Amino acid sequence: MFSLLHKASAPLPQREGLGVGLLLLAALPATAQRWNVVYIMTDDHTAQMMSCYDKTNIQTPNLDRIANDGVRFVNSYVANSLSGPSRACMITGKHSHKNGFTNNEHGVFDGSQQTMPKLMQQAGYSTCLIGKWHLVSTPTGFDHYEIIPGQGDYYNPTFITMDGQTHKEQGYLTNILTDKAIDWMNQQRQQKTADGQQKPFILFLHEKACHRDWLPELKYLHEYEDVTFPLPHNFNDTWEGREAAQRQEMSIASNTDMTMDYDIKMYDPNVRTHLTDTYLNFIGRMDSQERAIYDAFYDSLAVDFRSRHLTGLALKEFKYQRFMRDYAKVVKTFDDNVGRLLDYLDETGLSENTLVVYTSDQGFYMGEHGWFDKRFMYEESLNTPLVMRMPTKYNKPVAHGDITEMVQNIDYAPTFLELAGAPVPADIQGVSLLPLLEGKHPKDWRKSLYYHYYEYPAEHSVRRHYGVRTADGWKLIHFYPCAGERPSQQVDQWEMYDLNADPHEMHNIYGQPAYAKQQKRLQKELVKLQKQYDDPIESELQARQK
Ligand code: SGN
Ligand code: CA
């Protein structure tokens, strides 16, 4: 299962006659070819729910098209597994401590700083952002934007336009976002540069799908209802030896973490949870006809559910199935829309000169460790899906199939800049992926990566931590307390994993004599990365000891 997690993932099927490796496409004249970028990013979509990575649960034929025609990154990671921070890393090419947006709870992105969209503008590109922004401050560096407020709404959503006005539109958000993206590209195709060439563009299409609380498009309410999803191997993990994991609040079994109404839609008018009002507000956006369809579906399930009086493991498994089904439905509408976008690019000829990128702002737990949500540096949420399709008329050889080098979301900014022929400023911490996309394997490519998560105290109660993960499958994590935290609340624990022997990260081997040599190596590597990226955390922690 879950090939993204393992080095030995199955290679993608190659297109007939192409073979593995490089494909030389018809060379274009070297002059003036400017490549567009269509960057599609979902929210909380994870590789376990994308069939080109993992066929266990669902099929995503349109997302798979990108990988089949292009490349699949099988070692793709984020720097901080949370929406705002991940987005800030992506548009700056820098780790959180450098771009300043470390957490959703208190973060306000400093829009006056250097960003990749601004640098793309300077390189002559039109820049456009459609959908989720989540960085609180007004977007900068976009010629056009139309965003959703905060997390946005699935049904009849509200939009914020560039004049600061808001308006509500009828429909399901994922479909409306595609319409807006296509409308903008249609206008963009008319734009010419001074020398009569088509003006290049970069489009950021940022989905809400498939963020909590997984409200499906009404036409797909009945999809996946006959499917029983297999339980993950460690669904009933008890988190032995992992203190931060024991203290999280993102457990499917807990009815306060995963609520009966908002999360799994078994709404009972006689029972309130801390999310009942949020739930009723979300579904209250539907008109009466839509609401009747919605209620007819979930109410009958809820009545049946109540009659069964489930408890314990049976209840946990029921909640898991409801969560999986709704999540899968939300992905289905998104996958349809990817198909619509790819068809549009093909039909208009834009595929010839457009790089298509698909990724998510982070991975997600689909029941692994008994969880939903993300945040932890464990594989499911450290990973993020990443597939790309180069312009079909790219003027150099391009890679096909799997790319195994370790890549991180700070790498996207330098990649797009290099593709645009623009200089990559020295303070960008990511590395351009263009050589990999051109089928090269630079010898000095990163052999380890750095991660730092900050949002605590906060919802889901995941402790602050940083760590290193190596390309050869070792991981070292330090969970550390906040300044001034009560001793009874503090977690100050190191964890270490051998992913080759323990891919599900169930056995914390930190401090075990048998692994002393590896531990030393990882500690050294961590110090090296903190120095390289200039993260002041170690000196901050030391200052507290004094
Ligand atoms: C909301 C969700 C959380 C989720 C965060 C961050 N709660 O607060 O479950 O972890 O967003 O998600 S909810 O009650 O509002 O649904 S992120 O992807 O935007 O970082
Ligand atoms: Ca997210």
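Here the structure is shown first, and the text comes after it.
Throughout what follows, the structure given in this document is the object of discussion. What you see is a predicted model; the values in this text were computed from it and never measured. (Residues numbered from 1 in each chain as written. Chains lettered and ligands numbered in written order. Predicted model: local features only at pLDDT ≥ 70, side-chain atom pairs only at ≥ 80, totals over all residues. Heavy atoms only, no water.)

### A closer look at the overall build of the protein
Regarding its fold elements, the protein presents 14 helices and 17 strands. Its C-alpha atoms give the protein a radius of gyration of 23 Å, near enough to 24 Å, the size a compact globule of 546 residues would have. Taking as baseline every contact in the protein between residues at least 6 positions apart, the subset at least 24 positions apart corresponds to 70%. Of the charged side chains in the protein, 56 are positive and 70 negative; the average position of the first set lies 4 Å away from that of the second. (Helix = DSSP H or I, 4+ residues; strand = E, 2+ residues; numbered from the N terminus. Rg over C-alpha atoms; globule rule 2.2 N^0.38 Å. Contact = heavy atoms within 4.5 Å. Lys, Arg positive; Asp, Glu negative; His and termini not counted. Charge placed at Lys NZ, Arg CZ, Asp CG, Glu CD.)

### Description of the coordination of the calcium ion (ligand 2)
Around a metal, the perfect tetrahedron of four donors has angles of 109.5 degrees, and the perfect octahedron of six donors has angles of 90 or 180 degrees. Only Asp43 (OD), Asp44 (OD), Asp361 (OD), Asp361 (OD) and Gln362 (OE1) from the protein reach the calcium ion (ligand 2) as donors, at distances of 2.1 to 2.6 Å. Ordering the donors of the calcium ion (ligand 2) by residue number gives the pattern D-D-x316-D-Q. With aspartate 44 in the loop between β2 (36-42) and α1 (61-69) and glutamine 362 in the loop between β10 (354-360) and α10 (379-382), the pair connects residues that are 318 residues apart, well separated along the chain. Overall, aspartate 44 belongs to the buried group, its relative accessible area being 0%. (Donors = N, O, S within 2.8 Å, 3.2 Å for Na, K, Ca; no water. Buried < 20%, exposed > 50% of the residue type's maximum accessible area, 1.4 Å probe, protein only.)

### What to know about unusual backbone geometry
Residue arginine 212 is joined to aspartate 213 through a cis peptide bond whose omega torsion reads 15°. Mapped onto the secondary structure, aspartate 213 falls in the loop between β9 (201-206) and α6 (243-247). Look at the link from tyrosine 456 to proline 457: it is a cis peptide, with omega at 0°. Within the secondary structure, proline 457 sits in the loop between β14 (448-453) and β15 (465-470). A positive phi is found at asparagine 156, a non-glycine position, where the angle reads about 40°. Following the sequence through the fold, asparagine 156 ends up in the loop between β6 (144-148) and β7 (158-161).

### Some thoughts on the pattern of salt bridges
A complete count under the given rule lists 41 salt bridges for this structure. The partner of glutamate 352 in a salt bridge is lysine 393, and the shortest N-O contact between them spans 3.6 Å. With glutamate 352 in the loop between α9 (312-348) and β10 and lysine 393 in the loop between β11 (386-389) and β12 (398-403), this residue pair connects regions lying 41 residues apart in the sequence. Residue class for glutamate 352 comes out partly exposed when judged on its relative accessible area of 36%. On the basis of relative accessibility, which here comes to 34%, the residue lysine 393 falls in the partly exposed class. (Salt bridge = Lys/Arg side-chain N within 4 Å of Asp/Glu carboxyl O.)

### Describing the state of the cysteines
Going through the model one piece at a time under the given rule, you end up with zero disulfides. Here cysteine 89 stays free of any disulfide, with the sulfur of cysteine 482 as its closest cysteine sulfur at 19 Å. Cysteine 210 carries a free sulfur, and the closest cysteine sulfur to it, the one in cysteine 52, is 14 Å from it. (Disulfide = S-S within 2.5 Å.)

### A short note on the site of ligand 1
Lining the immediate surroundings of ligand 1 are 19 residues, of which Arg212, Tyr262, Asp373, Glu459 and His460 lie closest. Here histidine 211 contributes a side-chain N or O atom positioned 3.0 Å from an oxygen atom of ligand 1. Measuring from an oxygen atom of ligand 1, one finds a side-chain N or O atom of lysine 374 at 2.8 Å. Summarising the interface, the protein chains cover 88% of the accessible area of ligand 1, which totals 460 Å² for the free molecule. Broken down by class, the residue content of the shell around ligand 1 amounts to three nonpolar, seven polar and nine charged. (Near = heavy atom within 4 Å. Polar contact = N/O pair within 3.5 Å; in protein donor to acceptor, adjacent residues only side chain to side chain. Areas by Shrake-Rupley, 256 points an atom, 1.4 Å probe, with all protein chains shown as cover. Nonpolar A, V, L, I, M, F, W, Y, C, P; charged D, E, K, R; others polar.)

### As for the packing of aromatic side chains
Counted by the stated rule, this structure contains 38 aromatic pairs. Residues tyrosine 365 and tryptophan 371 carry aromatic rings whose centres are separated by 5.1 Å and whose planes lie at 90° to one another, so their mutual orientation is edge-to-face. The residues tyrosine 365 and tryptophan 371 share a single accessibility class, namely buried. Centroid distance tryptophan 371 to tyrosine 378: 6.1 Å. Interplanar angle 25°. Geometry classified as stacked. Take tryptophan 371 and tyrosine 378: they sit in the same class, and that class is buried. Put simply, the rings of Tyr39, Phe109, Trp133, Phe142, Phe204, Tyr412 and Phe416 pair up and form one aromatic cluster. Directly above the aromatic system of phenylalanine 159 lies the positively charged group of lysine 180, at a separation of 4.4 Å from the ring centroid. Its end group placed over the ring of tyrosine 154, lysine 208 keeps NZ or CZ at 4.8 Å from the ring centre. (Phe/Tyr/Trp six-rings, centres within 6.5 Å; stacked < 30°, edge-to-face > 60°. Lys NZ or Arg CZ within 6 Å of the ring centre and 35° of its normal.)

### Observations concerning the side chain of glutamate 379
Counting through the fold element by element, glutamate 379 comes out in helix α10. Side chain to side chain, glutamate 379 and lysine 475 meet in a polar contact 2.7 Å long.

### Overview of the sheet that holds strand β17 (residues 493-498)
One open sheet accounts for four strands, arranged β14-β15-β16-β17; its pairing is antiparallel. Either end of the sheet is taken by a strand with one partner, and the two such strands are β14 and β17. The mean inter-strand angle of the sheet, taken between neighbouring strand axes irrespective of direction, is 10°. Both β15 and strand β16 (residues 474-479) contribute to a ladder of five bridges, which runs antiparallel. Directly across from tyrosine 466, in β16, lies its bridge partner histidine 478. Where helix α13 (residues 516-533) meets the sheet, it contacts β14, β15, β16 and β17, and its direction lies at approximately 110° from that of β15. Lying on the sheet, helix α14 (residues 537-545) is in contact with β14, β15 and β16; it crosses β15 at an angle near 140°. (Pairing = 2+ DSSP bridges. Axes fitted to C-alpha atoms, helices over the stretch in contact; angles between N-to-C directions.)

### Side note on helix α2 (residues 83-92)
Of all ten residues making up α2, ten are buried, and the element is well covered by its neighbours. For α2, the set of buried residues is Ser83, Gly84, Pro85, Ser86, Arg87, Ala88, Cys89, Met90, Ile91 and Thr92. Where α2 terminates, the next one or two residues include glycine 93, which has phi positive at roughly 75°.

### A short note on the side chain of arginine 325
With respect to the secondary-structure elements, arginine 325 resides in helix α9. Only 3.4 Å separates the side chain of arginine 325 from the backbone oxygen of tyrosine 224, close enough to count as a polar contact. Here arginine 325 is in contact with Tyr224, Glu225, Val227, Thr228 and Phe229, once residues within four sequence places are set aside.

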